[in-house]
Amino acid sequence: MVKVEEKLKLYLKEIEKNNKKGNRINAILQLNPDAVKEAKELDAKKKHGKLYGKIIAVKANINVLGMNANCGSKVLEDYKCPYDASVIQKIKDEDGLIIGFANMDEFACGWSGETSAFGATNNPQALGYVSGGSSSGSCASVSANFCDMALGSDTGGSIRVPSSHCGVVGLKPSYGSVSRYGLIDMSMSLDQIGPVAKNVSDAALLFDIISKKDERDSICVGSKINLNEIEKIPKNLKVGILDFKISDKKIQEEFDKKIQKAVHEYGWEAEKIKMHYLDFAVATYFPIVYVEFFSATRKFDGRRFGKRIEEVCGSEVLRRIIGGSEISKAEHAGRYYHQALKARKLIEEEFKKVFQKYDCVICPTVPRLPHKIGEKISIEEMFQYDALTCPVNLSGDCALSLPMKKINNVPVGMQIICDKFKEQKLFQIARSIEKLGK
Amino acid sequence: MDFLFRKLSDKDKEEIKKQVDSILDIFSDKLSSLKGNVGESFIERDDFERNENEKEKPCEIDREIMFENAPDKNKDFILGEKGKW
(Lines give C-alpha, C1' and ligand atoms only; values in the text may rest on other atoms or scores of the structure.)
Protein backbone atom coordinates (compact mmCIF):
# COMPACT_ATOMS: atom_id res chain seq x y z
CA MET A 1 0.00 0.00 0.00
CA VAL A 2 1.22 3.50 -0.85
CA LYS A 3 2.27 5.43 2.26
CA VAL A 4 0.03 8.39 3.16
CA GLU A 5 3.03 10.71 3.18
CA GLU A 6 3.95 9.82 -0.41
CA LYS A 7 0.35 10.21 -1.57
CA LEU A 8 0.03 13.52 0.26
CA LYS A 9 3.14 14.88 -1.45
CA LEU A 10 1.71 14.01 -4.88
CA TYR A 11 -1.51 15.86 -4.05
CA LEU A 12 0.42 18.86 -2.68
CA LYS A 13 2.41 18.96 -5.91
CA GLU A 14 -0.79 18.99 -7.96
CA ILE A 15 -2.24 21.76 -5.78
CA GLU A 16 0.96 23.79 -6.19
CA LYS A 17 0.72 23.30 -9.95
CA ASN A 18 -2.98 24.02 -10.61
CA ASN A 19 -4.68 25.72 -7.65
CA LYS A 20 -3.38 29.31 -7.79
CA LYS A 21 -1.20 28.80 -10.87
CA GLY A 22 -1.66 26.71 -14.04
CA ASN A 23 -5.38 25.96 -14.45
CA ARG A 24 -6.14 28.34 -11.53
CA ILE A 25 -8.85 26.10 -10.08
CA ASN A 26 -8.87 28.07 -6.79
CA ALA A 27 -10.46 25.15 -4.96
CA ILE A 28 -8.18 25.08 -1.92
CA LEU A 29 -8.17 28.12 0.37
CA GLN A 30 -5.82 26.89 3.06
CA LEU A 31 -3.58 23.87 3.49
CA ASN A 32 -3.34 22.00 6.76
CA PRO A 33 0.06 23.25 8.07
CA ASP A 34 0.55 19.98 9.99
CA ALA A 35 -0.46 17.63 7.15
CA VAL A 36 3.02 16.18 6.48
CA LYS A 37 3.68 15.64 10.19
CA GLU A 38 0.26 14.01 10.64
CA ALA A 39 0.85 11.79 7.57
CA LYS A 40 4.12 10.54 9.07
CA GLU A 41 2.39 9.77 12.36
CA LEU A 42 -0.35 7.84 10.53
CA ASP A 43 2.21 5.82 8.55
CA ALA A 44 4.04 4.97 11.76
CA LYS A 45 0.94 3.51 13.44
CA LYS A 46 0.77 -0.29 13.69
CA LYS A 47 -3.00 -0.56 13.46
CA HIS A 48 -4.95 1.60 11.04
CA GLY A 49 -8.52 2.86 10.94
CA LYS A 50 -10.96 2.53 8.03
CA LEU A 51 -9.92 5.84 6.47
CA TYR A 52 -6.19 5.23 6.54
CA GLY A 53 -4.77 6.23 3.16
CA LYS A 54 -7.60 8.66 2.37
CA ILE A 55 -6.76 12.34 1.97
CA ILE A 56 -9.70 14.63 2.55
CA ALA A 57 -10.50 18.30 1.79
CA VAL A 58 -13.04 20.05 4.02
CA LYS A 59 -15.51 22.79 3.10
CA ALA A 60 -14.45 25.97 4.88
CA ASN A 61 -17.62 26.08 7.02
CA ILE A 62 -16.73 23.04 9.14
CA ASN A 63 -14.53 23.61 12.20
CA VAL A 64 -11.08 21.98 12.15
CA LEU A 65 -9.09 22.78 15.29
CA GLY A 66 -6.47 25.48 14.78
CA MET A 67 -7.35 26.17 11.12
CA ASN A 68 -9.22 29.11 9.55
CA ALA A 69 -12.82 28.17 8.66
CA ASN A 70 -13.52 31.44 6.87
CA CYS A 71 -16.77 30.35 5.13
CA GLY A 72 -15.51 32.01 1.95
CA SER A 73 -15.98 35.38 3.64
CA LYS A 74 -13.95 38.36 4.80
CA VAL A 75 -16.14 38.30 7.91
CA LEU A 76 -14.23 35.29 9.23
CA GLU A 77 -10.87 35.74 7.48
CA ASP A 78 -9.08 35.87 10.85
CA TYR A 79 -11.22 33.28 12.65
CA LYS A 80 -9.33 30.34 14.10
CA CYS A 81 -11.36 27.19 14.91
CA PRO A 82 -11.23 26.45 18.66
CA TYR A 83 -12.46 22.85 18.25
CA ASP A 84 -13.05 19.98 15.83
CA ALA A 85 -16.54 19.45 14.41
CA SER A 86 -17.96 15.99 15.21
CA VAL A 87 -17.46 14.81 11.61
CA ILE A 88 -13.79 15.89 11.73
CA GLN A 89 -13.28 14.06 15.02
CA LYS A 90 -14.77 10.91 13.46
CA ILE A 91 -12.50 11.21 10.40
CA LYS A 92 -9.42 11.67 12.59
CA ASP A 93 -10.44 8.72 14.78
CA GLU A 94 -10.44 6.53 11.65
CA ASP A 95 -7.04 7.82 10.44
CA GLY A 96 -8.27 10.01 7.59
CA LEU A 97 -5.95 12.93 6.80
CA ILE A 98 -7.27 16.49 6.38
CA ILE A 99 -5.36 18.22 3.57
CA GLY A 100 -6.98 21.65 3.88
CA PHE A 101 -9.99 23.90 3.58
CA ALA A 102 -11.92 24.08 0.32
CA ASN A 103 -13.35 27.23 -1.25
CA MET A 104 -17.11 27.84 -1.10
CA ASP A 105 -19.78 30.42 -1.84
CA GLU A 106 -19.79 33.03 0.92
CA PHE A 107 -21.56 31.49 3.94
CA ALA A 108 -22.87 28.82 1.52
CA CYS A 109 -25.09 31.47 -0.10
CA GLY A 110 -24.74 30.71 -3.79
CA TRP A 111 -25.35 28.26 -6.58
CA SER A 112 -22.27 28.73 -8.74
CA GLY A 113 -19.15 29.03 -6.55
CA GLU A 114 -18.78 32.68 -7.62
CA THR A 115 -19.81 34.47 -4.43
CA SER A 116 -16.68 33.54 -2.43
CA ALA A 117 -14.77 36.61 -1.22
CA PHE A 118 -11.60 34.71 -2.18
CA GLY A 119 -12.50 34.35 -5.85
CA ALA A 120 -14.64 32.00 -7.92
CA THR A 121 -13.81 28.30 -8.17
CA ASN A 122 -12.97 27.23 -11.69
CA ASN A 123 -14.47 24.00 -13.06
CA PRO A 124 -11.57 21.52 -13.48
CA GLN A 125 -13.49 19.58 -16.15
CA ALA A 126 -14.54 22.66 -18.11
CA LEU A 127 -12.18 25.56 -17.45
CA GLY A 128 -13.83 28.99 -17.53
CA TYR A 129 -17.21 27.59 -16.44
CA VAL A 130 -18.58 27.73 -12.91
CA SER A 131 -18.00 24.68 -10.74
CA GLY A 132 -21.41 25.01 -9.10
CA GLY A 133 -21.98 25.78 -5.45
CA SER A 134 -21.96 26.21 -2.70
CA SER A 135 -19.54 23.32 -2.02
CA SER A 136 -17.55 24.48 -5.06
CA GLY A 137 -14.06 23.85 -3.69
CA SER A 138 -14.92 20.45 -2.22
CA CYS A 139 -16.19 19.10 -5.56
CA ALA A 140 -13.54 20.87 -7.67
CA SER A 141 -10.77 19.52 -5.36
CA VAL A 142 -11.89 15.93 -5.89
CA SER A 143 -12.37 16.52 -9.61
CA ALA A 144 -8.97 18.24 -10.01
CA ASN A 145 -7.19 15.38 -8.21
CA PHE A 146 -6.18 17.53 -5.23
CA CYS A 147 -7.46 14.88 -2.76
CA ASP A 148 -9.27 11.52 -2.58
CA MET A 149 -12.51 12.79 -1.12
CA ALA A 150 -14.08 15.83 0.50
CA LEU A 151 -16.73 17.02 2.89
CA GLY A 152 -19.36 19.47 1.72
CA SER A 153 -22.64 20.76 3.12
CA ASP A 154 -25.97 20.70 1.30
CA THR A 155 -28.89 22.99 2.10
CA GLY A 156 -30.66 23.09 -1.28
CA GLY A 157 -28.28 21.25 -3.59
CA SER A 158 -24.90 22.57 -2.48
CA ILE A 159 -23.20 19.15 -2.72
CA ARG A 160 -25.17 17.69 -5.62
CA VAL A 161 -25.09 20.69 -8.00
CA PRO A 162 -21.26 21.12 -7.98
CA SER A 163 -20.85 17.31 -8.03
CA SER A 164 -22.89 17.26 -11.23
CA HIS A 165 -20.89 20.07 -12.88
CA CYS A 166 -17.49 18.72 -11.78
CA GLY A 167 -18.19 15.06 -12.65
CA VAL A 168 -17.91 13.57 -9.15
CA VAL A 169 -20.17 11.65 -6.77
CA GLY A 170 -21.88 13.71 -4.05
CA LEU A 171 -24.36 12.67 -1.38
CA LYS A 172 -26.94 14.73 0.51
CA PRO A 173 -27.68 12.41 3.43
CA SER A 174 -31.08 12.11 5.10
CA TYR A 175 -31.82 14.94 7.50
CA GLY A 176 -30.67 13.74 10.91
CA SER A 177 -28.15 11.13 9.76
CA VAL A 178 -24.94 13.19 10.06
CA SER A 179 -24.03 15.46 12.97
CA ARG A 180 -23.83 19.19 12.21
CA TYR A 181 -22.02 19.98 15.47
CA GLY A 182 -19.22 22.31 14.37
CA LEU A 183 -20.85 23.27 11.06
CA ILE A 184 -21.20 27.03 10.64
CA ASP A 185 -24.85 26.87 9.72
CA MET A 186 -26.84 28.52 6.98
CA SER A 187 -30.31 27.05 7.53
CA MET A 188 -30.49 24.58 10.38
CA SER A 189 -33.71 22.87 9.37
CA LEU A 190 -32.22 22.01 5.97
CA ASP A 191 -28.39 21.78 6.30
CA GLN A 192 -26.64 18.42 6.06
CA ILE A 193 -22.95 17.57 5.85
CA GLY A 194 -22.16 14.95 3.21
CA PRO A 195 -19.34 13.22 1.31
CA VAL A 196 -17.93 13.98 -2.13
CA ALA A 197 -15.79 11.33 -3.85
CA LYS A 198 -14.44 10.01 -7.14
CA ASN A 199 -16.70 6.95 -7.00
CA VAL A 200 -19.71 5.53 -5.16
CA SER A 201 -17.65 3.16 -2.97
CA ASP A 202 -15.54 5.99 -1.55
CA ALA A 203 -18.63 8.14 -0.94
CA ALA A 204 -20.19 5.21 0.94
CA LEU A 205 -17.01 4.68 2.97
CA LEU A 206 -16.87 8.31 4.12
CA PHE A 207 -20.61 8.35 4.83
CA ASP A 208 -20.26 5.20 6.93
CA ILE A 209 -17.72 6.97 9.16
CA ILE A 210 -19.53 10.28 9.61
CA SER A 211 -23.11 8.98 9.95
CA LYS A 212 -23.07 8.08 13.61
CA LYS A 213 -25.42 9.31 16.29
CA ASP A 214 -24.15 12.43 18.05
CA GLU A 215 -25.59 13.86 21.23
CA ARG A 216 -24.16 17.28 20.42
CA ASP A 217 -26.60 17.64 17.51
CA SER A 218 -30.04 16.92 18.94
CA ILE A 219 -31.58 15.84 15.64
CA CYS A 220 -28.73 13.46 14.75
CA VAL A 221 -29.75 9.83 15.08
CA GLY A 222 -27.19 8.43 12.59
CA SER A 223 -27.81 6.03 9.70
CA LYS A 224 -26.47 2.52 9.29
CA ILE A 225 -25.10 1.03 6.09
CA ASN A 226 -23.29 -2.23 5.38
CA LEU A 227 -20.31 -1.50 3.13
CA ASN A 228 -20.09 -5.19 2.08
CA GLU A 229 -23.55 -4.94 0.55
CA ILE A 230 -22.90 -1.92 -1.70
CA GLU A 231 -21.90 -4.09 -4.67
CA LYS A 232 -25.19 -5.98 -4.57
CA ILE A 233 -27.43 -5.11 -7.54
CA PRO A 234 -30.98 -4.56 -6.28
CA LYS A 235 -33.57 -6.87 -7.83
CA ASN A 236 -37.23 -6.08 -8.59
CA LEU A 237 -36.52 -2.39 -8.30
CA LYS A 238 -39.34 0.00 -9.07
CA VAL A 239 -37.97 3.28 -10.38
CA GLY A 240 -39.94 6.51 -10.58
CA ILE A 241 -38.69 8.70 -13.42
CA LEU A 242 -39.51 12.28 -12.57
CA ASP A 243 -41.61 13.95 -15.24
CA PHE A 244 -40.12 17.44 -15.29
CA LYS A 245 -39.58 19.75 -18.24
CA ILE A 246 -35.84 20.01 -18.85
CA SER A 247 -35.12 22.99 -21.07
CA ASP A 248 -31.82 21.53 -22.29
CA LYS A 249 -32.78 18.76 -24.73
CA LYS A 250 -29.32 17.16 -24.67
CA ILE A 251 -29.50 16.63 -20.90
CA GLN A 252 -32.91 14.97 -21.30
CA GLU A 253 -31.65 12.72 -24.14
CA GLU A 254 -28.59 11.53 -22.23
CA PHE A 255 -30.66 10.97 -19.11
CA ASP A 256 -33.25 8.88 -21.00
CA LYS A 257 -30.51 6.76 -22.61
CA LYS A 258 -28.82 6.09 -19.29
CA ILE A 259 -32.04 5.07 -17.54
CA GLN A 260 -33.12 2.81 -20.39
CA LYS A 261 -29.75 1.07 -20.28
CA ALA A 262 -30.00 0.43 -16.52
CA VAL A 263 -33.62 -0.73 -16.72
CA HIS A 264 -32.80 -3.10 -19.61
CA GLU A 265 -29.61 -4.46 -18.04
CA TYR A 266 -31.01 -5.14 -14.57
CA GLY A 267 -34.66 -5.84 -15.35
CA TRP A 268 -35.88 -2.91 -13.26
CA GLU A 269 -39.36 -1.56 -13.70
CA ALA A 270 -39.59 2.15 -14.53
CA GLU A 271 -42.52 4.53 -14.71
CA LYS A 272 -42.83 8.25 -15.27
CA ILE A 273 -44.18 10.09 -12.26
CA LYS A 274 -45.51 13.62 -11.80
CA MET A 275 -45.02 15.45 -8.52
CA HIS A 276 -47.52 18.26 -8.21
CA TYR A 277 -45.89 20.27 -5.42
CA LEU A 278 -42.41 20.22 -6.95
CA ASP A 279 -43.32 23.38 -8.77
CA PHE A 280 -43.60 25.15 -5.39
CA ALA A 281 -40.22 24.01 -4.11
CA VAL A 282 -38.11 27.09 -4.97
CA ALA A 283 -40.73 29.52 -3.61
CA THR A 284 -40.95 27.38 -0.46
CA TYR A 285 -37.23 26.88 0.00
CA PHE A 286 -36.01 30.48 -0.14
CA PRO A 287 -38.30 32.11 2.47
CA ILE A 288 -37.26 29.34 4.92
CA VAL A 289 -33.57 29.80 4.09
CA TYR A 290 -33.78 33.60 4.28
CA VAL A 291 -35.37 33.52 7.75
CA GLU A 292 -33.06 30.87 9.18
CA PHE A 293 -29.97 32.47 7.64
CA PHE A 294 -30.91 35.87 9.02
CA SER A 295 -31.18 34.27 12.46
CA ALA A 296 -27.90 32.35 12.03
CA THR A 297 -25.97 35.48 11.08
CA ARG A 298 -26.89 37.44 14.21
CA LYS A 299 -23.85 35.91 15.92
CA PHE A 300 -21.54 37.65 13.44
CA ASP A 301 -21.61 40.93 15.33
CA GLY A 302 -17.82 41.32 15.53
CA ARG A 303 -17.63 40.85 19.28
CA ARG A 304 -16.59 37.23 19.87
CA PHE A 305 -15.03 36.58 16.46
CA GLY A 306 -14.75 38.06 13.01
CA LYS A 307 -16.20 41.30 11.67
CA ARG A 308 -19.74 42.63 11.60
CA ILE A 309 -21.34 40.73 8.72
CA GLU A 310 -23.37 43.54 7.09
CA GLU A 311 -20.26 45.71 6.82
CA VAL A 312 -18.10 43.35 4.74
CA CYS A 313 -20.31 40.69 3.12
CA GLY A 314 -21.06 40.41 -0.60
CA SER A 315 -24.33 40.95 -2.47
CA GLU A 316 -25.92 37.49 -2.18
CA VAL A 317 -25.33 37.28 1.57
CA LEU A 318 -26.77 40.77 2.07
CA ARG A 319 -29.76 39.91 -0.14
CA ARG A 320 -30.56 36.94 2.11
CA ILE A 321 -30.04 38.89 5.35
CA ILE A 322 -32.37 41.69 4.20
CA GLY A 323 -34.88 39.12 2.90
CA GLY A 324 -34.82 37.22 6.18
CA SER A 325 -35.22 40.39 8.18
CA GLU A 326 -38.23 41.43 6.05
CA ILE A 327 -39.94 38.03 6.25
CA SER A 328 -39.33 37.88 10.02
CA LYS A 329 -41.37 41.04 10.55
CA ALA A 330 -44.64 40.13 12.23
CA GLU A 331 -46.84 41.63 9.52
CA HIS A 332 -45.28 39.37 6.87
CA ALA A 333 -45.29 36.11 8.84
CA GLY A 334 -48.55 34.76 7.38
CA ARG A 335 -47.70 35.86 3.87
CA TYR A 336 -44.36 34.11 3.50
CA TYR A 337 -43.09 31.96 6.31
CA HIS A 338 -46.25 30.13 7.39
CA GLN A 339 -47.18 29.53 3.77
CA ALA A 340 -43.70 28.17 3.13
CA LEU A 341 -43.94 25.79 6.10
CA LYS A 342 -47.31 24.57 4.83
CA ALA A 343 -45.88 23.98 1.36
CA ARG A 344 -42.90 22.18 2.86
CA LYS A 345 -45.19 19.72 4.63
CA LEU A 346 -47.10 19.07 1.39
CA ILE A 347 -43.83 18.39 -0.47
CA GLU A 348 -42.69 16.01 2.27
CA GLU A 349 -46.00 14.14 2.21
CA GLU A 350 -45.90 13.87 -1.56
CA PHE A 351 -42.44 12.24 -1.44
CA LYS A 352 -43.67 9.90 1.30
CA LYS A 353 -46.53 8.72 -0.92
CA VAL A 354 -44.18 8.23 -3.87
CA PHE A 355 -41.83 6.06 -1.79
CA GLN A 356 -44.73 3.81 -0.79
CA LYS A 357 -44.91 2.80 -4.45
CA TYR A 358 -41.35 3.29 -5.76
CA ASP A 359 -37.88 2.40 -4.44
CA CYS A 360 -36.34 5.56 -5.79
CA VAL A 361 -36.96 8.64 -7.90
CA ILE A 362 -34.44 9.53 -10.60
CA CYS A 363 -33.97 12.77 -12.54
CA PRO A 364 -31.10 14.91 -13.88
CA THR A 365 -29.34 16.66 -10.97
CA VAL A 366 -29.41 20.09 -12.62
CA PRO A 367 -31.81 20.95 -15.46
CA ARG A 368 -29.24 23.23 -17.17
CA LEU A 369 -25.57 23.40 -18.07
CA PRO A 370 -23.30 25.69 -16.02
CA HIS A 371 -22.69 29.27 -17.14
CA LYS A 372 -19.33 30.95 -17.69
CA ILE A 373 -17.65 32.53 -14.65
CA GLY A 374 -18.72 36.19 -14.37
CA GLU A 375 -21.54 35.86 -16.90
CA LYS A 376 -24.56 37.94 -15.91
CA ILE A 377 -27.68 35.82 -15.46
CA SER A 378 -31.06 36.61 -13.94
CA ILE A 379 -32.02 35.51 -10.45
CA GLU A 380 -34.77 33.31 -11.99
CA GLU A 381 -32.13 31.55 -14.12
CA MET A 382 -29.99 31.12 -11.02
CA PHE A 383 -32.95 29.56 -9.15
CA GLN A 384 -33.08 26.85 -11.85
CA TYR A 385 -29.85 25.34 -10.53
CA ASP A 386 -31.60 24.18 -7.34
CA ALA A 387 -35.01 23.37 -8.84
CA LEU A 388 -34.54 19.58 -8.70
CA THR A 389 -32.32 19.40 -5.63
CA CYS A 390 -33.97 21.69 -3.05
CA PRO A 391 -37.20 19.61 -2.86
CA VAL A 392 -35.15 16.79 -1.28
CA ASN A 393 -33.86 19.12 1.44
CA LEU A 394 -37.44 20.17 2.13
CA SER A 395 -38.58 16.54 2.41
CA GLY A 396 -35.54 15.41 4.44
CA ASP A 397 -34.89 12.39 2.18
CA CYS A 398 -31.47 11.30 0.88
CA ALA A 399 -30.15 11.92 -2.64
CA LEU A 400 -26.97 11.34 -4.58
CA SER A 401 -25.57 12.90 -7.74
CA LEU A 402 -23.82 10.44 -10.04
CA PRO A 403 -21.76 11.44 -13.10
CA MET A 404 -23.74 10.61 -16.23
CA LYS A 405 -22.03 11.96 -19.34
CA LYS A 406 -20.28 15.02 -20.74
CA ILE A 407 -22.33 17.41 -22.87
CA ASN A 408 -20.34 20.03 -24.81
CA ASN A 409 -17.36 18.85 -22.71
CA VAL A 410 -19.16 19.73 -19.46
CA PRO A 411 -20.08 16.90 -17.05
CA VAL A 412 -23.74 16.36 -16.18
CA GLY A 413 -25.06 14.22 -13.36
CA MET A 414 -28.17 12.24 -12.53
CA GLN A 415 -29.85 12.46 -9.17
CA ILE A 416 -31.12 9.36 -7.37
CA ILE A 417 -33.50 10.06 -4.48
CA CYS A 418 -34.49 7.54 -1.81
CA ASP A 419 -36.69 7.62 1.28
CA LYS A 420 -35.28 8.89 4.60
CA PHE A 421 -32.46 6.76 6.04
CA LYS A 422 -32.39 4.46 3.00
CA GLU A 423 -28.79 5.33 2.13
CA GLN A 424 -27.92 1.62 1.83
CA LYS A 425 -30.40 1.18 -1.02
CA LEU A 426 -29.35 4.52 -2.53
CA PHE A 427 -25.68 3.47 -2.70
CA GLN A 428 -26.61 0.09 -4.21
CA ILE A 429 -28.68 1.71 -6.97
CA ALA A 430 -25.95 4.29 -7.66
CA ARG A 431 -23.23 1.62 -7.74
CA SER A 432 -25.30 -0.52 -10.14
CA ILE A 433 -25.67 2.41 -12.55
CA GLU A 434 -21.99 3.37 -12.10
CA LYS A 435 -21.01 -0.16 -13.20
CA LEU A 436 -22.63 0.46 -16.58
CA GLY A 437 -19.97 3.08 -17.35
CA LYS A 438 -20.37 6.61 -18.69
CA MET B 1 -27.31 40.00 -11.96
CA ASP B 2 -23.62 39.80 -11.28
CA PHE B 3 -22.89 37.16 -8.65
CA LEU B 4 -19.11 37.64 -8.44
CA PHE B 5 -18.01 38.90 -5.03
CA ARG B 6 -17.17 42.60 -4.76
CA LYS B 7 -17.15 45.26 -2.07
CA LEU B 8 -20.58 46.88 -1.84
CA SER B 9 -21.15 50.64 -1.91
CA ASP B 10 -24.11 52.33 -0.18
CA LYS B 11 -25.75 52.63 -3.61
CA ASP B 12 -25.34 48.86 -4.16
CA LYS B 13 -26.94 48.20 -0.78
CA GLU B 14 -29.96 50.33 -1.72
CA GLU B 15 -30.25 48.45 -5.02
CA ILE B 16 -30.14 45.10 -3.19
CA LYS B 17 -33.02 46.20 -0.93
CA LYS B 18 -35.12 46.86 -4.04
CA GLN B 19 -34.15 43.50 -5.55
CA VAL B 20 -35.21 41.72 -2.36
CA ASP B 21 -38.69 43.28 -2.52
CA SER B 22 -39.21 42.00 -6.03
CA ILE B 23 -37.85 38.52 -5.18
CA LEU B 24 -40.16 38.26 -2.17
CA ASP B 25 -43.11 39.24 -4.35
CA ILE B 26 -42.32 36.33 -6.69
CA PHE B 27 -42.33 33.90 -3.75
CA SER B 28 -45.48 35.36 -2.26
CA ASP B 29 -47.41 35.18 -5.53
CA LYS B 30 -46.40 31.57 -6.03
CA LEU B 31 -47.18 30.49 -2.47
CA SER B 32 -50.56 32.23 -2.47
CA SER B 33 -51.66 29.96 -5.33
CA LEU B 34 -50.98 26.89 -3.19
CA LYS B 35 -53.96 24.59 -2.67
CA GLY B 36 -54.10 21.61 -0.36
CA ASN B 37 -54.57 21.05 3.33
CA VAL B 38 -51.97 20.02 5.83
CA GLY B 39 -52.42 18.66 9.30
CA GLU B 40 -50.38 19.42 12.37
CA SER B 41 -46.66 19.54 11.73
CA PHE B 42 -44.73 16.98 13.74
CA ILE B 43 -41.56 14.92 13.47
CA GLU B 44 -42.09 11.21 12.98
CA ARG B 45 -39.68 9.02 14.88
CA ASP B 46 -39.89 5.51 16.26
CA ASP B 47 -38.27 6.55 19.49
CA PHE B 48 -38.77 9.98 20.98
CA GLU B 49 -36.37 9.53 23.86
CA ARG B 50 -32.63 9.72 23.37
CA ASN B 51 -30.33 7.44 25.29
CA GLU B 52 -27.62 9.68 26.67
CA ASN B 53 -24.27 8.02 26.29
CA GLU B 54 -21.96 8.72 29.16
CA LYS B 55 -19.02 7.21 27.30
CA GLU B 56 -19.14 9.87 24.59
CA LYS B 57 -16.07 12.07 24.51
CA PRO B 58 -16.69 15.60 25.74
CA CYS B 59 -15.93 18.29 23.18
CA GLU B 60 -12.77 20.13 24.00
CA ILE B 61 -12.85 23.81 23.13
CA ASP B 62 -9.49 25.52 23.08
CA ARG B 63 -9.95 28.50 25.41
CA GLU B 64 -6.81 30.21 24.22
CA ILE B 65 -7.95 30.17 20.57
CA MET B 66 -11.43 31.26 21.59
CA PHE B 67 -10.03 34.41 23.23
CA GLU B 68 -7.61 34.93 20.34
CA ASN B 69 -10.66 35.29 18.04
CA ALA B 70 -12.21 38.14 20.04
CA PRO B 71 -11.04 41.60 18.94
CA ASP B 72 -11.66 43.19 22.35
CA LYS B 73 -10.98 41.26 25.54
CA ASN B 74 -9.67 41.45 29.04
CA LYS B 75 -7.78 38.74 30.88
CA ASP B 76 -10.56 36.15 30.97
CA PHE B 77 -13.62 37.77 29.43
CA ILE B 78 -14.69 39.27 26.11
CA LEU B 79 -15.54 42.97 26.03
CA GLY B 80 -18.60 44.36 24.30
CA GLU B 81 -18.85 48.06 23.50
CA LYS B 82 -21.20 50.07 25.73
CA GLY B 83 -24.58 51.24 24.50
CA LYS B 84 -24.59 49.48 21.14
CA TRP B 85 -26.29 46.19 22.01
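So, how was this worked out
- Residues numbered from 1 in each chain as written.
- Chains lettered and ligands numbered in written order.
- Predicted model: local features only at pLDDT ≥ 70, side-chain atom pairs only at ≥ 80, totals over all residues.
- Helix = DSSP H or I, 4+ residues; strand = E, 2+ residues; numbered from the N terminus.
- Buried ≥ 20, exposed ≤ 12 C-beta atoms within 10 Å, placed from the backbone.
- Pairing = 2+ DSSP bridges.
- Axes fitted to C-alpha atoms, helices over the stretch in contact; angles between N-to-C directions.
- Contact = placed C-beta atoms within 7 Å.
- Nonpolar A, V, L, I, M, F, W, Y, C, P; charged D, E, K, R; others polar.
- Domains from an automatic or database assignment.
- Parallel < 35°, antiparallel > 145°, perpendicular 65-115°, else oblique.
- Left-handed = near helix turned anticlockwise from the far one by under 90°.
- Core = buried A, V, L, I, M, F, W, Y, C linked by C-beta atoms within 7 Å.
- Arc of directions from axis to C-beta.

Caption draft 1: The arrangement of the overall build of chain B in detail. What chain B contains, in helices and strands, is two helices and zero strands. Buried residues in chain B amount to 8% of all 85 residues.

Caption draft 2: Quick peek at the sheet that holds strand E4 (residues 149-154) of chain A. All names here are of chain A. Here eleven strands make up an open sheet; going across it, the order is E1-E3-E2-E4-E6-E5-E10-E11-E9-E7-E8 and the pairing mixed. Strands with a single pairing partner mark the edges of an open sheet, and in this sheet they are strand E1 (28-31) and strand E8 (269-273). Ignoring which end each strand starts from, the neighbouring axes of this sheet average 30° apart. Bridge count between E1 and strand E3 (residues 97-102): three bridges; the pairing is antiparallel. Within E3, the position partnered with Leu31 by the bridge is Gly100. Set on the sheet, helix H7 (residues 249-266) makes contact with strand E7 (238-242), E8, strand E9 (360-364), strand E10 (398-407) and strand E11 (410-418); between it and E10 the angle comes to about 110°.

Caption draft 3: View of the interface of chain A and chain B. Contacts between the two partners involve 46 residues from chain A and, on the opposite side, 38 residues from chain B. Only helix H8 (281-296), helix H10 (315-328) and helix H11 (337-357) of chain A provide two or more residues apiece to the side of chain A that touches chain B. Tallied by class, the residues present in the side of chain A that touches chain B amount to 20 nonpolar, twelve polar and 14 charged.

Caption draft 4: Representation of the domain arrangement of chain A in the model. When cut into domains, chain A gives domain 1 (4-229), domain 2 (238-276 + 347-422) and domain 3 (282-332). For domain 2 of chain A and domain 3 of chain A, the distance between their C-alpha centroids amounts to 29 Å.

Caption draft 5: Structural detail: the packing of H8(A) against H11(A). Residue and element names in this part refer to chain A. Axis separation between H8 and H11 bottoms out at 9 Å; the angle between their running directions is 125°. As the angle between them shows, H8 and H11 are arranged oblique. In the packing of H8 onto H11, the handedness of the crossing is left-handed. Taking contact as the criterion, the partners of Ala281, Thr284, Pro287, Ile288 and Val291 in H8 are, on H11, Tyr337, Ala340, Ala343, Arg344 and Ile347. Taken together, the residues of the contact of H8 with H11 sort by class into eight nonpolar, one polar and one charged.

Caption draft 6: Local environment of unusual backbone geometry. Residue and element names in this part refer to chain A. Looking along the chain, the bond that leaves Gly133 and enters Ser134 is cis, with omega of 10°. Structurally, Ser134 is set in the loop between E3 and helix H4 (136-143). Of note in the backbone geometry, Phe107 takes a positive phi value of approximately 50° without being a glycine. You can call Phe107 buried: it has 31 C-beta atoms within 10 Å. Phi is positive for Asn409, which is not a glycine, with a value near 65°. Note on placement: Asn409 falls in the loop between E10 and E11. In this structure Asn409 comes out as exposed when scored by C-beta crowding, with 9 C-beta atoms within 10 Å.

Caption draft 7: Just the nonpolar core, in detail. All names here are of chain A. Of all hydrophobic cores here, the largest spans 140 residues; its most connected members are Ile56, Val58, Ala69 and Ile416. In terms of residues, this core owes the most to one element, H8, which gives ten residues. Setting aside residues up to four positions removed in sequence, Val58 forms contacts with Val64, Ile88, Ile98, Phe101, Ala102, Ala150 and Leu151.

Caption draft 8: Geometry of helix H2 (residues 35-44) of chain A. All names here are of chain A. Taken as a whole, H2 has its buried residues at Ala35, Ala39 and Leu42. Down the axis of H2, the buried side of the element spans an arc of 60°, and every buried residue falls inside it. Among the exposed residues of H2, those pointing more than 90 degrees away from its buried face are Lys37 and Ala44. Buried residues along H2 sit against helix H1 (4-18), E1 and E3.

Caption draft 9: Fine view of the pairing of strand E5 (residues 169-172) of chain A. Residue and element names in this part refer to chain A. Burial along E5 is two-sided: the residues Val169 and Leu171 and Gly170 and Lys172 are all buried. Where E5 meets strand E6 (residues 192-197), two bridges bridge the pair, whose relative direction is antiparallel. Residue pairing for E6: Gly170 is matched across the bridge by Val196. Pairing analysis gives three bridges linking E5 to E10, with the strands arranged antiparallel. Of the residues in E10, the one forming a bridge with Gly170 is Ser401.

Caption draft 10: Structural view of the environment of A:Leu206. Residues and elements named next belong to chain A. Along the chain, the position of Leu206 falls in helix H6 (residues 200-210). Separated by 59 residues in sequence, Leu206 and Cys147 place their C-alpha atoms 13 Å apart. Leave out the neighbours within four places in its chain, and Leu206 touches Met149, Pro195 and Ala197.

Caption draft 11: Broad picture of the pairing of strand E2 (residues 55-59) of chain A. Residue and element names in this part refer to chain A. By the criterion of burial, E2 is predominantly enclosed, with five of the five residues buried. Along E2, one buried face is formed by Ile55, Ala57 and Lys59 and the opposite face, lined by Ile56 and Val58, is buried too. Pairing of E2 with E3 involves five bridges; the strand directions are parallel. Within E3, the residue paired with Ala57 across the bridge is Gly100. The sheet contact formed by E2 and E4 spans three bridges and is parallel. Along E4, the bridge assignment pairs Ala57 with Ala150.

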